[in-house]
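Breakdown of the fold
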Amino acid sequence: MLLFLAFPPAELWPLAFVALIPLLWSLRGARPGRRALLGVAFGLAFFGATLYWIFLFGALAWFALTALSASSIALVGAVGPSLLREGRPIRSAIGFASLWTAVDWIRGMFPLGGFTWGSVGISQVDDRTLLPLATIAGVWGITFVVVVVNVLLFEALAGRRRAGARRAGLAIAALVLVLAPIVVPFSEPTGDPLEVAVVQIDVRPPPNTSAAQEDLIVARRNMTLDRTLAGSTPRPDLVLWGEGALDPAASSDPATMAAVQRAIADVGVPTAVGAVMNDPGGQQRTSELVFGPDGSRIDRYDKVHLVPFGEYVPWRSRLDWISATRQIPVDRTPGRSVHTVDVPGLPPFGTPICYENSFPAIPRAFVRDGATFLVVPVNNASYGFTAASDQHLQMSRMRAVETGRWVVDAAVSGVSAFIDTHGQVLTRTGLFQPGILRTQIRSSTATTGFVRWGDWLPILAIVLVVILFLIPRRRPQLPAAPGPLPASPRTLVVLPTFNERDTIERVIAGVLERPEHPDVLVVDDSSPDGTAELVRPIAGRDGRVRLLERPPRSGLASAYLVGFTTAIREGYDLAVEMDSDLSHDPSELSRLLDAARQHDLTVGSRYVAGGSVTNWSRARVALSRGANAYSRVMLGLPIHDATSGYRVYRRELLEELLRTPFAGAGYVFQIELVMRSDREGFDVAEVPITFREREHGESKISRSIVVEALWMVTRWGLSARLGRGPAVRTGRSTQRR
């Protein structure tokens, strides 16, 4: 409701700078689903109140448009908090404002060409310090700053453990941000002055008037009022009639059109008239007709951006069961392109028709095509004495600043207005007040930054949102250093096997040779090649080796879980993951065990200084590096080789990990172990290893395993960012969990 009050009819524009704080407050700590509902609630309240005038067309129309608009705030609510970072108010403000701005921009394009009413920046047309920013960044720059200020003030109020000086600093930063654009100059017109007159009538017909009769009455009233300009001194250079001055019954009647041309000729001034034209091909178009001083028609612009459910019905055949659609009996045809109109003796000007003026890109396109000023034919008569006309006028004021062009709103029933390049209304009419409004304007060929660069800010905002969203949320502490190990820690090396007959004996021998005297547990999934037959006699001779046989292809993850459980049950201090195909060199085990004295989880890494991969193609190395980079970015992992299967775990870490079932079953299990170790507050580190591609047997990796890993990493990453998972650490904690 605070944001609603920033717009007409209340126009308490400073409220926009605090209106989002209640929303931000309510989003704190909420899960994504609830946050989306909070966004919907905010959107329904704001748009429902702001667009109350749509109710004149029925509750269904009002609710549909309100709900569609509110869905954009639902998206902001669901995603926005993932961009807020505790202790980083500036980054939080930029991220949240970027999201709001990007969503607002997209809302102005999709669906059905978009809808821009209620854009936060529009509320600030009376803010003389911030408004000049629109010459560079358009309304999107104003929206961005307003949202940034809301977040900074929210952070100042709600920031935990934030000193008073820092709170004051955030408030001052917000104030500076609002005041800084005052140094940006408004665009000043460069052309000659023009005297322009707007003819505005009272379109309300007598009781019991048919639609056709109403069209003829409106045309006659415009002609009658226009003729009063004959002989006026000074004579205007251009006369404007509002949109709908010539509706179908009038524009298709030869006698009425002839009378219109005579009236214009009597005044002897070029005249632009809003009309709805039935063309010979059967199409009906919303147009702006331009007549010369002699009454002859010399140019025409056809409206490009039509009003859905106002000038045409999308999917009419599927929606014909809705009786309200029958209020639009004809689907009008859009024009082919935006272009200026030309009048001999006058500079070219653009004529964005009514609804088109709510889209920044269309007036900008007119100016790029050479328009030296803008005429906006308006027909908001159907909305009566509501705030719709004043809200529309705000958009014209913003367009004047964005384009550096005078804007003339020529309304058939009000509000007609003259707006200079500073966005100030020089003079205006009331609603349904007949009369002629005259003012001298100036044309211009100057180009603003917004006209030159277009929608650069929302595009940049999208890029920022993507980047900031990909950066994981982080905790403020780093893990504490683990406690000391015994002088000779008991170590269990877990060797999962399936068809490893050619290598298992050498791997076991290499492990047993280590000076740390580790024990070996071979977990064999009933290998058809007889791997267990080779291990069994070794286990019989050496008590440090054991064999556990399981059903065929029980899985890598379950093999390691069996090994971890055994290590915990039998009191081992360390448990080692290691492949049985000689891709992991047993001689490097001592380096990992030595590092385990300082870290809870030590990973043998191919991708740190000193690490390497041999016998792999460049494509496979690139795939592996890419997978690890993706995991590192999505999950915020503290290591570079999360898929490595050469590792040492401390007992305390394994006990914590095994409290909760694992989600991954394939190689993604390795990534999950690193992720959970890090997120549970344990110390994870890497030491370099040389990975050698297996020379015997076949790799167990498959396309389904890769797809599973990609899906799981993506899901975990999104869950963490949307608040469903724990954050990642960055500082140093003083206590263990």
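Here the structure is a predicted model, which means the values were calculated and not measured.

**Overview of the environment of Ala-74**
- Following the sequence through the fold, Ala-74 ends up in helix H4 (residues 59-79).
- Judged by its relative accessible area of 13%, Ala-74 is buried.
- Distance in space between the C-alpha atoms of Ala-74 and Pro-482 is 44 Å, their sequence separation being 408 residues.
- Apart from the residues lying within four places of it in its own chain, the contact partners of Ala-74 are Ala-36, Gly-39 and Val-40.

**Details of the packing of aromatic side chains**
- Scanning the entire structure with this criterion turns up 18 aromatic pairs.
- Aromatic pair Tyr-560 and Phe-564: ring centres 6.2 Å apart, planes at 20°, arrangement stacked. Within this pair, Tyr-560 and its partner Phe-564 are both found in helix H18 (residues 556-569), separated by 4 residues, close to a single helical turn. In terms of burial, Tyr-560 and Phe-564 fall into one category: buried.

**So, the pattern of salt bridges**
- Scanning the model with the defined rule gives 25 salt bridges in all.
- Here Arg-536 and Glu-549 are joined by a salt bridge, their closest N and O atoms 2.8 Å apart. Highlighted residues: Arg-536 in helix H17 (residues 531-541) and Glu-549 in strand S14 (residues 545-549), separated in sequence by 13 residues.
- Given the relative accessible area of 44%, Glu-549 is considered partly exposed.
- Bridged by salt links that share partners, the residues Asp-279, Arg-285, Arg-300 and Asp-302 form one connected network.

**A closer look at the sheet that holds strand S7 (residues 407-411)**
- The strand order across the open sheet formed by 4 strands is S6-S7-S8-S9, and the pairing between neighbours is mixed. For this open sheet the edge positions go to strand S6 (374-378) and strand S9 (425-428), each flanked by a neighbour on one side alone. Averaged over all pairs of adjacent strands, the angle between their axes in this sheet comes to 15°, without regard to strand direction.
- As judged from the 3 bridges shared by S7 and strand S8 (residues 417-419), these two strands associate in the antiparallel manner. Note that in S8 the partner of Val-408 across the bridge is Phe-418.
- The sheet contacts of helix H13 (residues 388-403) involve S6, S7, S8 and S9, and relative to S8 the element is tilted by about 25°.

**Observations regarding the packing of helix H20 (residues 618-635) against helix H23 (residues 703-721)**
- Running from amino to carboxyl end, H20 crosses H23 at an angle of 20°, the nearest separation of the two axes being 8 Å. Classified by the angle between their axes, H20 and H23 sit roughly parallel to one another. You can see that H20 and H23 cross each other, and the crossing is left-handed. Where H20 approaches H23, its residues Tyr-630, Ser-631, Val-633, Met-634 and Leu-635 are matched on the opposing element by Leu-710, Val-713, Thr-714, Trp-716, Gly-717, Leu-718 and Arg-721.
- Its residues assigned to classes, the contact of H20 with H23 shows 8 nonpolar, 3 polar and 1 charged.

**Considerations on the nonpolar core**
- Counting residues in hydrophobic clusters, the biggest one holds 143 residues, and the most contacted among them are Leu-3, Trp-100, Leu-240 and Trp-241.
- Not counting chain neighbours up to four residues away, the residues in contact with Trp-100 comprise Leu-20, Leu-23, Phe-42, Ile-73, Val-76, Val-120, Thr-143 and Val-147.
- Counting 36 residues, the second-largest nonpolar core is a separate cluster that includes Leu-521, Phe-564, Leu-653 and Phe-682.

**Digging into helix H15 (residues 456-470)**
- Relative to the 21 Å expected for 15 residues at 1.5 Å per residue, H15 spans 21 Å between its end C-alpha atoms, a close match to the ideal helical length.
- Buried residues of H15: Leu-457, Pro-458, Ala-461, Val-465, Leu-468 and Phe-469, and no others. Seen from one end, H15 has its buried residues packed into an arc of 100°, which puts them on one side.
- Structurally, H15 contributes buried residues whose contacts are with H4, helix H5 (89-107), helix H6 (134-158) and H23.

**Remarks on the sheet that holds strand S13 (residues 519-524)**
- In spatial order, the strands read S14-S13-S12-S15-S18-S16-S19; together these 7 strands make up an open sheet with mixed pairing. One side of each edge strand has no neighbouring strand; the edge strands of this open sheet are S14 and strand S19 (684-688). Each neighbouring strand pair of the sheet contributes to a mean axis angle of 20°, computed without reference to strand direction.
- One ladder, built from 6 bridges, connects strand S12 (residues 491-497) with S13; its direction is parallel. Directly across from Pro-496, in S13, lies its bridge partner Val-523.
- Against the sheet, H17 makes contact with S12, S13 and S14, and its axis sits at roughly 145° relative to S14, the strand it touches most.

Parameters and conventions
Residues numbered from 1 in each chain as written. Predicted model: local features only at pLDDT ≥ 70, side-chain atom pairs only at ≥ 80, totals over all residues. Heavy atoms only, no water. Helix = DSSP H or I, 4+ residues; strand = E, 2+ residues; numbered from the N terminus. Buried < 20%, exposed > 50% of the residue type's maximum accessible area, 1.4 Å probe, protein only. Contact = heavy atoms within 4.5 Å. Phe/Tyr/Trp six-rings, centres within 6.5 Å; stacked < 30°, edge-to-face > 60°. Salt bridge = Lys/Arg side-chain N within 4 Å of Asp/Glu carboxyl O. Pairing = 2+ DSSP bridges. Axes fitted to C-alpha atoms, helices over the stretch in contact; angles between N-to-C directions. Parallel < 35°, antiparallel > 145°, perpendicular 65-115°, else oblique. Left-handed = near helix turned anticlockwise from the far one by under 90°. Nonpolar A, V, L, I, M, F, W, Y, C, P; charged D, E, K, R; others polar. Core = buried A, V, L, I, M, F, W, Y, C linked by side-chain atoms within 4.5 Å. Expected span 1.5 Å × (residues − 1). Arc of directions from axis to C-beta.

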